[in-house]
Amino acid sequence: TVTPMQTPLPAVLPKFSWDGYVLTFIKDGDLYFQDGNNQPVKLTHVGEKSYYGNISDDSKKIFFSRNDGNNYSINSDGTQEQVVISKEWRSSLKTTRFLGFIPHTHLLLVEALFCESEEWGSPCSVSLFIADADTGDIRKLTDAGLAYQNNHIDKNIAPSPDGTMIAVGTTEGTDIFSVDGELIRENILPYKPFLENSLLPSIFWLPDSSGILIAIPDSKFDS
């Protein structure tokens with residue numbers, strides 16, 4: 001039996017190193033970007049109730065919103081602030097969700113749901129759009145079939161790790177698109193869901209983007 005020994009803590013704990021990390025934060029209504037242990041850079045004023053949190057892989061572009069209903073992008077040095085997605089565009093689509101930057105690009109994946117009602121479980125048609133955080137241009141990638149209000153998962157839409165392709169899974173099968181919108185493969189593993197209100201597949205890319213794993217809910221499961 002080894003008797004445990006107490007190790008005394010130092011009088012002053014060492015400062016955590018931010019080396020290798022990037023982050024954004026809001027202080028006094030201003031949006032800041034910090035790269036490693038460097039001093040934070042004040043980017044722009046956004047207000048206290050604004051949302052932030054999307055940083056491109058190269059740490060050059062930040063996507064954020066103000067409480068005016070618009071979504072913006074800005075460079076991490078504080079230049080080139082612009083509206084990427086306007087509140088008018090979002091209002092025309094009823095419900096939108098941002099799925100983050102496509103790897104190694106300044107392109108944002110946007111999911112739009114057109115639902116019959118606001119009730120939980122109501123059917124919704126889904127479309128995918130790509131918004132360019134550099135130019136503000138938005139284009140439709142594809143119509144992604146049927147989902148159900150508050151009962152679908154993010155993993156049925158998966159950009160490849162190399163940023164060149166996007167896999168979209170529905171009950172009719174999984175399609176693979178290039179980021180330019182070209183259809184590469186279609187109707188991979190169509191299935192009949194076990195439950196009446198459609199459950200969507202989960203898609204996982206191999207690390208080198210050479211293939212995908214698809215989990216389909218075609219039988220009973222516990223959770």
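Predicted model, so just to flag it, every value in this text is computed and none were measured.

J.: Before we go on, may I ask you to explain the sheet that holds strand E1 (residues 22-27) in this structure?
T.: Strands in a sheet are paired, the pairing made by backbone hydrogen bonds, and the direction either parallel or antiparallel. Across the sheet, which stays open at both edges, the three strands sit in the order E1-E2-E3 with antiparallel pairing between neighbours. The sheet is open, and its two edges are formed by E1 and strand E3 (41-45), each paired on a single side. Strand after strand, the sheet turns through a mean of 25° between neighbouring axes, direction not considered. As judged from the six bridges shared by E1 and strand E2 (residues 30-35), these two strands associate in the antiparallel manner. By the bridge assignment for E2, Thr24 is matched with Phe33.

J.: What should I look at first to understand the pattern of salt bridges in this one?
T.: A pair can form between side chains of opposite charge whenever their charged atoms are brought close. Summed over all chains, the structure comprises five salt bridges. In this structure, Asp30 engages Lys42 in a salt bridge whose closest nitrogen and oxygen atoms are separated by 3.4 Å. Taken together, the residues Asp30 in strand E2 and Lys42 in strand E3 connect sequence positions 12 residues apart. Between Asp143 and Lys140 there is a salt bridge whose closest N-O contact spans 3.1 Å. By relative accessible area, Asp143 is classed as exposed at 51%. On the basis of relative accessibility, which here comes to 47%, the residue Lys140 falls in the partly exposed class.

The rules we used
Residues numbered from 1 in each chain as written. Predicted model: local features only at pLDDT ≥ 70, side-chain atom pairs only at ≥ 80, totals over all residues. Heavy atoms only, no water. Pairing = 2+ DSSP bridges. Helix = DSSP H or I, 4+ residues; strand = E, 2+ residues; numbered from the N terminus. Axes fitted to C-alpha atoms, helices over the stretch in contact; angles between N-to-C directions. Salt bridge = Lys/Arg side-chain N within 4 Å of Asp/Glu carboxyl O. Buried < 20%, exposed > 50% of the residue type's maximum accessible area, 1.4 Å probe, protein only.

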